[in-house]
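Chain by chain, the residues run as shown.
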Amino acid sequence: MRVRNKPWADDLINSHPDLVINNKEKQIHDLNFIRQDKPLHVEIGSGKGDFLIGMALKHPDIEFIGIEIQKSVLAIALKKTLQQKVTNLHWIWSDGSAITDIFVNQKIDFIYLNFSDPWPKKRHEKRRLTYIKFLQEYKNVLKDDGYLQLKTDNRHFFEYSLLSITNFGFSLKEISLDWHKDVIDNDLENIETEYEHKFSQRGQVIYRLLIKNFK
Ligand code: SAH
(Lines give C-alpha, C1' and ligand atoms only; values in the text may rest on other atoms or scores of the structure.)
Protein backbone atom coordinates (compact mmCIF):
# COMPACT_ATOMS: atom_id res chain seq x y z
CA MET A 1 0.00 0.00 0.00
CA ARG A 2 1.55 3.25 -1.11
CA VAL A 3 -0.07 6.58 -0.32
CA ARG A 4 1.08 10.08 -1.06
CA ASN A 5 2.86 11.80 1.79
CA LYS A 6 0.30 13.43 4.11
CA PRO A 7 1.60 16.80 5.32
CA TRP A 8 -0.80 16.67 8.29
CA ALA A 9 0.38 13.23 9.46
CA ASP A 10 3.07 14.46 11.88
CA ASP A 11 0.80 16.95 13.63
CA LEU A 12 -2.05 14.48 13.97
CA ILE A 13 0.20 11.72 15.34
CA ASN A 14 2.07 14.03 17.70
CA SER A 15 -1.13 15.47 19.10
CA HIS A 16 -2.44 12.02 20.11
CA PRO A 17 0.25 10.40 22.25
CA ASP A 18 -2.58 8.61 24.05
CA LEU A 19 -3.48 6.73 20.86
CA VAL A 20 -0.21 6.37 18.95
CA ILE A 21 3.24 5.25 19.97
CA ASN A 22 6.10 6.37 17.83
CA ASN A 23 8.59 3.53 17.99
CA LYS A 24 10.81 5.24 15.45
CA GLU A 25 12.05 7.62 18.08
CA LYS A 26 12.07 5.57 21.24
CA GLN A 27 11.99 1.97 22.27
CA ILE A 28 8.84 0.99 24.03
CA HIS A 29 8.95 -1.20 27.07
CA ASP A 30 5.89 0.08 28.79
CA LEU A 31 2.59 -0.12 26.98
CA ASN A 32 0.84 1.45 29.91
CA PHE A 33 -2.18 2.46 27.89
CA ILE A 34 -3.16 -1.16 27.42
CA ARG A 35 -5.77 -2.61 29.73
CA GLN A 36 -4.00 -5.57 31.33
CA ASP A 37 -7.25 -7.31 32.15
CA LYS A 38 -8.37 -7.65 28.54
CA PRO A 39 -7.22 -9.97 25.74
CA LEU A 40 -4.77 -8.30 23.35
CA HIS A 41 -5.00 -8.62 19.55
CA VAL A 42 -2.37 -7.13 17.21
CA GLU A 43 -2.34 -6.60 13.43
CA ILE A 44 1.06 -6.18 11.76
CA GLY A 45 0.88 -4.05 8.62
CA SER A 46 -2.46 -2.59 9.59
CA GLY A 47 -2.80 -0.25 6.60
CA LYS A 48 -5.61 2.30 6.74
CA GLY A 49 -7.21 0.56 9.69
CA ASP A 50 -10.58 -0.70 8.43
CA PHE A 51 -10.09 -4.21 9.80
CA LEU A 52 -9.08 -3.15 13.32
CA ILE A 53 -11.70 -0.42 13.55
CA GLY A 54 -14.37 -2.97 12.56
CA MET A 55 -13.00 -5.50 15.05
CA ALA A 56 -12.66 -2.98 17.88
CA LEU A 57 -16.24 -1.76 17.45
CA LYS A 58 -17.53 -5.33 17.39
CA HIS A 59 -15.42 -6.57 20.32
CA PRO A 60 -15.28 -3.90 23.05
CA ASP A 61 -13.84 -6.43 25.53
CA ILE A 62 -10.66 -6.87 23.48
CA GLU A 63 -7.75 -4.41 23.22
CA PHE A 64 -6.46 -3.97 19.66
CA ILE A 65 -3.14 -2.60 18.42
CA GLY A 66 -2.16 -1.91 14.82
CA ILE A 67 1.53 -1.77 13.85
CA GLU A 68 2.21 0.09 10.61
CA ILE A 69 5.53 1.10 9.12
CA GLN A 70 4.30 3.97 6.91
CA LYS A 71 3.51 7.13 8.80
CA SER A 72 1.02 8.57 6.31
CA VAL A 73 -0.90 5.29 6.19
CA LEU A 74 -0.98 5.12 10.00
CA ALA A 75 -2.20 8.73 10.15
CA ILE A 76 -5.17 7.80 7.94
CA ALA A 77 -6.03 4.95 10.34
CA LEU A 78 -5.73 7.32 13.30
CA LYS A 79 -8.05 9.85 11.67
CA LYS A 80 -10.70 7.16 11.16
CA THR A 81 -10.27 5.97 14.77
CA LEU A 82 -10.98 9.49 16.02
CA GLN A 83 -13.97 9.90 13.71
CA GLN A 84 -15.50 6.60 14.88
CA LYS A 85 -14.68 7.29 18.55
CA VAL A 86 -13.09 3.88 19.07
CA THR A 87 -11.47 3.59 22.50
CA ASN A 88 -10.08 0.02 22.60
CA LEU A 89 -7.71 0.54 19.66
CA HIS A 90 -4.16 1.96 19.58
CA TRP A 91 -1.50 2.37 16.93
CA ILE A 92 2.24 1.90 16.83
CA TRP A 93 4.31 3.51 14.10
CA SER A 94 7.01 0.90 13.73
CA ASP A 95 8.50 -1.91 11.72
CA GLY A 96 6.85 -5.18 12.74
CA SER A 97 10.31 -6.65 13.26
CA ALA A 98 10.52 -4.61 16.48
CA ILE A 99 7.67 -6.63 17.97
CA THR A 100 9.83 -8.39 20.58
CA ASP A 101 11.12 -5.00 21.80
CA ILE A 102 7.60 -3.66 22.00
CA PHE A 103 5.82 -6.53 23.73
CA VAL A 104 8.28 -7.23 26.51
CA ASN A 105 5.93 -7.51 29.45
CA GLN A 106 2.72 -7.92 27.55
CA LYS A 107 1.89 -11.16 25.73
CA ILE A 108 -0.46 -11.25 22.76
CA ASP A 109 -3.54 -13.45 22.35
CA PHE A 110 -3.98 -13.03 18.58
CA ILE A 111 -1.76 -11.79 15.75
CA TYR A 112 -3.25 -10.86 12.37
CA LEU A 113 -1.32 -10.70 9.10
CA ASN A 114 -3.70 -9.30 6.52
CA PHE A 115 -2.58 -9.02 2.90
CA SER A 116 1.06 -8.66 3.84
CA ASP A 117 3.43 -7.57 1.09
CA PRO A 118 4.28 -10.84 -0.75
CA TRP A 119 7.86 -9.85 -1.72
CA PRO A 120 7.84 -12.33 -4.66
CA LYS A 121 11.57 -12.20 -5.44
CA LYS A 122 13.62 -14.92 -3.72
CA ARG A 123 16.25 -12.38 -2.69
CA HIS A 124 13.58 -10.53 -0.69
CA GLU A 125 12.43 -13.62 1.22
CA LYS A 126 13.70 -12.20 4.53
CA ARG A 127 11.25 -9.31 4.23
CA ARG A 128 8.17 -11.56 4.07
CA LEU A 129 6.24 -11.38 7.33
CA THR A 130 6.13 -15.20 7.43
CA TYR A 131 9.90 -15.62 7.08
CA ILE A 132 11.29 -17.81 9.88
CA LYS A 133 12.83 -14.87 11.75
CA PHE A 134 9.42 -13.20 12.04
CA LEU A 135 7.79 -16.49 13.12
CA GLN A 136 10.31 -16.79 15.96
CA GLU A 137 9.40 -13.28 17.05
CA TYR A 138 5.67 -14.03 16.94
CA LYS A 139 6.31 -17.09 19.09
CA ASN A 140 8.19 -14.93 21.61
CA VAL A 141 5.33 -12.48 22.01
CA LEU A 142 2.31 -14.79 21.69
CA LYS A 143 0.71 -16.37 24.73
CA ASP A 144 1.19 -20.15 24.91
CA ASP A 145 -2.35 -20.67 23.71
CA GLY A 146 -2.23 -17.72 21.27
CA TYR A 147 -3.30 -17.70 17.63
CA LEU A 148 -2.14 -16.17 14.38
CA GLN A 149 -4.44 -15.55 11.41
CA LEU A 150 -3.25 -14.88 7.88
CA LYS A 151 -5.39 -13.70 4.96
CA THR A 152 -4.04 -13.06 1.47
CA ASP A 153 -5.02 -13.05 -2.19
CA ASN A 154 -1.50 -14.06 -3.25
CA ARG A 155 -1.21 -17.79 -3.94
CA HIS A 156 2.59 -17.85 -3.89
CA PHE A 157 2.78 -15.97 -0.60
CA PHE A 158 0.11 -18.32 0.79
CA GLU A 159 2.04 -21.44 -0.27
CA TYR A 160 5.30 -20.01 1.07
CA SER A 161 3.65 -19.12 4.39
CA LEU A 162 2.06 -22.56 4.72
CA LEU A 163 5.46 -24.24 4.38
CA SER A 164 7.31 -21.74 6.53
CA ILE A 165 4.72 -21.93 9.32
CA THR A 166 4.50 -25.74 9.42
CA ASN A 167 8.29 -26.20 9.16
CA PHE A 168 8.65 -23.83 12.10
CA GLY A 169 6.33 -25.92 14.25
CA PHE A 170 3.15 -23.88 14.60
CA SER A 171 0.11 -26.10 14.29
CA LEU A 172 -2.42 -25.38 11.59
CA LYS A 173 -5.96 -25.20 12.89
CA GLU A 174 -7.83 -24.11 9.78
CA ILE A 175 -7.01 -23.72 6.09
CA SER A 176 -9.32 -22.09 3.58
CA LEU A 177 -8.69 -21.87 -0.17
CA ASP A 178 -11.85 -19.77 -0.61
CA TRP A 179 -12.41 -17.87 2.59
CA HIS A 180 -15.37 -15.79 1.42
CA LYS A 181 -17.27 -18.86 0.27
CA ASP A 182 -16.56 -20.53 3.62
CA VAL A 183 -17.72 -17.43 5.49
CA ILE A 184 -21.05 -17.45 3.62
CA ASP A 185 -21.56 -21.24 3.72
CA ASN A 186 -20.83 -21.49 7.45
CA ASP A 187 -22.10 -18.09 8.59
CA LEU A 188 -18.67 -17.11 10.02
CA GLU A 189 -17.55 -13.72 11.29
CA ASN A 190 -15.36 -11.82 8.85
CA ILE A 191 -14.34 -8.18 9.02
CA GLU A 192 -12.93 -7.14 5.66
CA THR A 193 -9.66 -5.27 5.28
CA GLU A 194 -9.17 -2.57 2.62
CA TYR A 195 -7.26 -4.98 0.38
CA GLU A 196 -9.68 -7.81 0.99
CA HIS A 197 -12.57 -5.62 -0.10
CA LYS A 198 -10.75 -4.47 -3.22
CA PHE A 199 -9.60 -7.94 -4.29
CA SER A 200 -12.87 -9.71 -3.59
CA GLN A 201 -14.76 -7.04 -5.57
CA ARG A 202 -12.56 -8.04 -8.51
CA GLY A 203 -13.59 -11.69 -8.01
CA GLN A 204 -10.24 -12.79 -6.62
CA VAL A 205 -10.25 -15.68 -4.21
CA ILE A 206 -9.05 -15.05 -0.63
CA TYR A 207 -6.89 -17.61 1.19
CA ARG A 208 -6.85 -17.88 4.96
CA LEU A 209 -4.90 -19.76 7.63
CA LEU A 210 -5.47 -20.05 11.37
CA ILE A 211 -2.42 -21.14 13.37
CA LYS A 212 -1.97 -22.03 17.02
CA ASN A 213 1.13 -21.45 19.08
CA PHE A 214 3.00 -24.38 20.67
CA LYS A 215 4.89 -24.69 23.97
N1 SAH B 1 -3.65 -4.97 6.28
C2 SAH B 1 -4.10 -3.99 5.31
C3 SAH B 1 -2.93 -3.42 4.49
C4 SAH B 1 -2.23 -4.45 3.61
S5 SAH B 1 -0.89 -3.74 2.66
C6 SAH B 1 -5.15 -4.59 4.41
O7 SAH B 1 -5.32 -5.81 4.42
O8 SAH B 1 -5.82 -3.85 3.69
C9 SAH B 1 0.48 -4.14 3.69
C10 SAH B 1 0.73 -3.08 4.76
O11 SAH B 1 1.78 -3.54 5.59
C12 SAH B 1 1.20 -1.73 4.18
O13 SAH B 1 0.43 -0.70 4.75
C14 SAH B 1 2.66 -1.64 4.60
O15 SAH B 1 3.10 -0.32 4.82
C16 SAH B 1 2.68 -2.47 5.85
N17 SAH B 1 3.96 -3.11 6.17
C18 SAH B 1 4.78 -3.74 5.31
N19 SAH B 1 5.86 -4.24 5.94
C20 SAH B 1 5.71 -3.92 7.25
C21 SAH B 1 6.50 -4.14 8.41
N22 SAH B 1 7.67 -4.79 8.35
N23 SAH B 1 6.06 -3.66 9.59
C24 SAH B 1 4.88 -2.96 9.67
N25 SAH B 1 4.09 -2.72 8.60
C26 SAH B 1 4.50 -3.19 7.41
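On a predicted model such as this, the values are computed, not experimentally measured, just so you know.

The next thing to look at is the layout of surface pockets. Empty space within the largest pocket amounts to approximately 630 Å³. Listing elements by their share of the lining of the largest pocket, those giving two or more residues are β2 (40–44), α2 (50–58), β3 (63–68) and α8 (194–201). Among the residues making up the lining of the largest pocket, the classes are represented as 10 nonpolar, 11 polar and 9 charged.

A word on the packing of α2 against helix α3 (residues 71–84). Look at α2 against α3: their axes get within 10 Å of each other, and the N-to-C directions meet at 25 degrees. Comparing their axes, α3 and α2 come out roughly parallel. Classified by chirality, the crossing of α3 by α2 is right-handed. Counting all contacts with α2, which are made through Asp50, Ile53 and Leu57, the residues of α3 involved are Ala77, Lys80, Thr81 and Gln84. Partitioned by chemical class, the residues of the contact of α2 with α3 number 3 nonpolar, 2 polar and 2 charged.

This part is about the pairing of strand β4 (residues 89–93). With 5 of 5 residues buried, β4 lies mostly within the body of the structure. By the alternation rule, side chains of β4 split into Leu89, Trp91 and Trp93 and His90 and Ile92, which are all buried. Sheet analysis places strand β1 (residues 20–22) next to β4, joined by 3 bridges and oriented parallel. Each bridged residue has a counterpart across the sheet, and for Asn22 the counterpart in β4 is Trp93. Two elements, β3 and β4, share 5 bridges in a ladder whose sense is parallel.

This part is about the UniProt feature "binding site: S-adenosyl-L-methionine" (unreviewed entry) in the chain. Following the UniProt record, one finds the feature "binding site: S-adenosyl-L-methionine" (unreviewed entry) at Glu43, Glu68, Asp95 and Asp117. Spanning 75 residues, the annotated positions come together in the fold, the maximum distance between their C-alpha atoms being 13.7 Å. For the largest pocket, the lining residues among the annotations just cited are Glu43, Glu68, Asp95 and Asp117. One can find Glu43 in strand β2. Judged by relative accessible area, which is 2%, Glu43 ranks as buried.

This part takes up the site of the ligand. In the vicinity of the ligand, 18 residues are found, and the nearest of them are Gly45, Glu68, Gln70, Gly96 and Thr193. Note that a nitrogen atom of the ligand is positioned 3.0 Å from one of the side-chain N or O atoms of Asp95. Here the ligand has 580 Å² of accessible area as a free molecule, and 95% of this is covered by the chains. With respect to the detected pockets, the ligand is housed in the largest pocket. Contributing elements (two or more residues each) for the shell around the ligand: β3 and α8. Residues belonging to the shell around the ligand are distributed by class as follows: 6 nonpolar, 7 polar and 5 charged.

Once that is clear, we can look at the UniProt feature "binding site: substrate" (unreviewed entry) in the chain. According to UniProt, the feature "binding site: substrate" (unreviewed entry) maps to Lys121, Asp153, Thr193, Glu194, Tyr195 and Glu196 in the numbering used here. Considering the C-alpha atoms alone, the annotated residues occupy 76 residues of sequence and remain spread out, their largest mutual distance being 24.8 Å. Within the annotated group just given, the residues that line the largest pocket are Thr193, Glu194 and Tyr195. Along the chain, Lys121 falls in the loop between β5 (108–114) and α5 (132–141). Owing to a relative accessible area of 48%, Lys121 belongs among the partly exposed residues under this scheme. Structurally, Thr193 is set in the loop between α7 (179–186) and α8. Beyond its immediate stretch of four places on either side in the chain, Thr193 contacts Phe51, Asn114 and Phe115. Side-chain polar atoms of Thr193 contact the backbone nitrogen of Glu196, separated by 3.0 Å.

The rules behind these values
- Residues numbered from 1 in each chain as written.
- Predicted model: local features only at pLDDT ≥ 70, side-chain atom pairs only at ≥ 80, totals over all residues.
- Heavy atoms only, no water.
- 1 Å grid on protein atoms, 1.4 Å probe; cavity = no way out; pocket = protein on both sides within 12 Å on 5 of 7 lines; lining within 4 Å.
- Points joined across faces, edges and corners; volume = space filled by probe spheres on them.
- Helix = DSSP H or I, 4+ residues; strand = E, 2+ residues; numbered from the N terminus.
- Nonpolar A, V, L, I, M, F, W, Y, C, P; charged D, E, K, R; others polar.
- Axes fitted to C-alpha atoms, helices over the stretch in contact; angles between N-to-C directions.
- Parallel < 35°, antiparallel > 145°, perpendicular 65-115°, else oblique.
- Left-handed = near helix turned anticlockwise from the far one by under 90°.
- Contact = heavy atoms within 4.5 Å.
- Buried < 20%, exposed > 50% of the residue type's maximum accessible area, 1.4 Å probe, protein only.
- Pairing = 2+ DSSP bridges.
- UniProt positions renumbered as here; feature names shortened; annotations may be inferred.
- Near = heavy atom within 4 Å.
- Polar contact = N/O pair within 3.5 Å; in protein donor to acceptor, adjacent residues only side chain to side chain.
- Areas by Shrake-Rupley, 256 points an atom, 1.4 Å probe, with all protein chains shown as cover.
- Sits in = over half its atoms within 2 Å of the grid points.

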